[in-house]
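Chain by chain, the residues run as shown.
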Number of protein chains: 2
Amino acid sequence: MLIGELATRAGTSPRTLRYYEQQGLVRAGRDANGYRQYDDAELRVVREIRSLLAAGFGIEDIRPFVACLRAGNQSGHVCPDSVLVLRRKLAEVDGFLGQLTDLRQQLRAQLDEAVALRESPCRTQICPP
Amino acid sequence: MLIGELATRAGTSPRTLRYYEQQGLVRAGRDANGYRQYDDAELRVVREIRSLLAAGFGIEDIRPFVACLRAGNQSGHVCPDSVLVLRRKLAEVDGFLGQLTDLRQQLRAQLDEAVALRESPCRTQICPP
DNA sequence: CTAGGCCTTGACACCGGCGTCAAGGCAAGG
DNA sequence: CCTTGCCTTGACGCCGGTGTCAAGGCCTAG
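This structure is a prediction, so every number in the text was calculated from the model and none was measured.

Before going further, it helps to spend a moment on the overall build of chain A. Within chain A, the regular secondary structure consists of 5 helices and 2 strands. Secondary structure elements in chain A, listed N-terminal to C-terminal, are α-α-β-β-α-α-α. Against the 2.2 N^0.38 benchmark of 14 Å for 129 residues, chain A shows a C-alpha radius of gyration of 24 Å, more extended than a compact globule. In terms of overall dimensions, chain A has a C-alpha envelope of 80 × 35 × 20 Å along the principal axes. Across the 129 residues in chain A, those meeting the buried criterion constitute 26%. Here the analysis covers contacts within chain A between residues at least 6 apart in sequence; of these, 40% occur between residues at least 24 apart.

Let us look at helix α3 (residues 40-54) of chain A. Residues lying three or four places apart along an α-helix face the same way, a consequence of the helix completing one turn every 3.6 residues. Residues and elements named next belong to chain A. Given a rise of 1.5 Å per residue, 15 residues ought to cover 21 Å, and the 21 Å separating the end C-alpha atoms of α3 matches this to within 8%. Within the sequence span of α3, burial applies to Glu42, Val45, Val46, Ile49 and Leu52. All buried residues of α3 project into a common sector of 130° when viewed along the axis, lining one side. Those residues of α3 that are exposed and angled more than 90 degrees off the buried face are Asp40 and Ala54. In the core, the buried residues of α3 are packed alongside α1 (3-10), α2 (14-22) and α4 (59-70). Of the residues trailing α3, Gly56 is marked for its positive phi of about 100°.

Before going further, it helps to examine the interface of chain B and chain A. Residue-level contacts link 35 residues of chain B with 34 residues of chain A. Residue classes in the side of chain B that touches chain A are distributed as 21 nonpolar, 9 polar and 5 charged.

Around DNA strand D there are 17 residues in total, and Ser13 and Ile59 of chain A together with Leu2, Gly4 and Arg36 of chain B lie nearest to it. Looking at the surface near DNA strand D, the elements with two or more residues in it are α2 of chain A together with α1 (3-10) and α2 (14-22) of chain B. Looking at side-chain class alone, the surface near DNA strand D contains 7 nonpolar, 6 polar and 4 charged residues.

This next bit is on the protein's contact with DNA strand C. As a matter of local geometry, DNA strand C sits amid 17 residues, with Leu2, Gly4 and Arg36 of chain A together with Gly58 and Ile59 of chain B nearest to it. Of all elements in the fold, only α1 and α2 of chain A together with α2 of chain B reach the threshold of two or more residues within the surface near DNA strand C. Of the residues that constitute the surface near DNA strand C, the class distribution is 7 nonpolar, 6 polar and 4 charged.

This next bit is on the relation of the copies chain B and chain A. A rotation about some axis, followed by a shift along it, carries one copy of the chain onto the other. Between chain B and chain A, which share one sequence, the superposing operator has a rotation angle of 180° and an axial displacement of 0.0 Å; the RMSD is 0.1 Å. Taken together, these values place the two copies in the relation of a two-fold axis. The C-alpha atom lying nearest the rotation axis in chain B is that of Leu97 of chain B; the distance is 3.3 Å. Most of the interface of chain B is mirrored in chain A, where 97% of its interface residues are also at the interface.

With that settled, the discussion passes to helix α4 (residues 59-70) of chain B. The end-to-end C-alpha distance of α4 of chain B, which contains 12 residues, comes to 16 Å, matching closely the 16 Å that a straight helix rising 1.5 Å per residue would cover. For α4 of chain B, the full list of buried residues reads Ile62, Pro64, Phe65, Val66, Cys68 and Leu69 of chain B.

Right, let's get into the environment of Gly98 of chain B. Residues and elements named next belong to chain B. You can see Gly98 is positioned in helix α5 (residues 80-118). Residue class for Gly98 comes out exposed when judged on the 10 C-beta atoms lying within 10 Å of it. Distance from Gly98 to Leu17, taken between C-alpha atoms, is 35 Å for residues 81 residues apart in sequence.

This next bit is on the packing of helix α3 (residues 40-54) of chain B against α4 of chain B. Residues and elements named next belong to chain B. In the contact formed by α3 and α4, the axes pass within 10 Å of each other and the chain directions differ by 155°. It follows from the interaxial angle that α3 and α4 lie roughly antiparallel. Every pair of crossing elements has a handedness; the one defined by α3 and α4 is right-handed. Along the contact surface, α3 presents Arg44, Val45, Glu48, Ile49 and Leu52, while α4 presents Ile62, Phe65, Val66 and Leu69.

Scoring rules and cut-offs
Residues numbered from 1 in each chain as written. Chains lettered and ligands numbered in written order. Predicted model: local features only at pLDDT ≥ 70, side-chain atom pairs only at ≥ 80, totals over all residues. Helix = DSSP H or I, 4+ residues; strand = E, 2+ residues; numbered from the N terminus. Rg over C-alpha atoms; globule rule 2.2 N^0.38 Å. Buried ≥ 20, exposed ≤ 12 C-beta atoms within 10 Å, placed from the backbone. Contact = placed C-beta atoms within 7 Å. Expected span 1.5 Å × (residues − 1). Arc of directions from axis to C-beta. Nonpolar A, V, L, I, M, F, W, Y, C, P; charged D, E, K, R; others polar. Near = placed C-beta within 6 Å. Least-squares fit on C-alpha atoms with pLDDT ≥ 70 in both. Axes fitted to C-alpha atoms, helices over the stretch in contact; angles between N-to-C directions. Parallel < 35°, antiparallel > 145°, perpendicular 65-115°, else oblique. Left-handed = near helix turned anticlockwise from the far one by under 90°.

These figures capture arrangement, not role.
Laid out in structure tokens, this is it:
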């Protein structure tokens, strides 16, 4: 399988696949041409990467998952290193959820306040005290 | 007030204040030296900017708030344009909260699954099927 | 032979809010 | 006069994942 086909099958671009290879995530053999040659296992790897990226993981976070897949596991999530990353990410997400929730409260409060003031006489853009 | 003093009082850096000025958010007079000269009103403006940035707004979003302040309002939040931005941001935050919540679910599920598999015989990094 | 479609490497562009360094002017105190 | 510490403008770097363009090689069909 050449790079274009893999890209199409994985729903991405050749440029992106070369980038993953440069990052050490994806491996490719070479034809006599110099063309990259991929097998079906790499398709799984690329899909795992895409999925994790879409979930908000970074390239570095993804390494253990790929290693886990290459080690012969059916899922990249089952190895200890992957679990560590999952835990860390979960904690991050929780923290972020908390921040966003607080922010939401503030936004609501400010909106409500602004709307309340709107009902007082001033309706123009410029509202002197 | 010179730029250094304003920076200190606003809890930021001169570089940052020049950036805000370049973005048209902050205004400065000039001494005969060429030094920027600020009055106390700009301190309020800068604090408003810092506060909104910290809340996750971007420079563009902040413009109406600053305009609102300059128009003589005690809060930058009360003008119609500001309210529009507040509403939009609130919607964004809600969307993001939803995504993060879904993601959290997935992470938990994957973690639980991995931990469940851990309790089956395999304990090493490499777990062949 | 040529046109077209695949492939190769290399390198710049992007976004946003700054940090940071360069090279220099101004002011004041010893 | 010299040092110190403020100020000025200008410009590059960062981060992360990709788009995109350049310049060129390979292969196939007409």
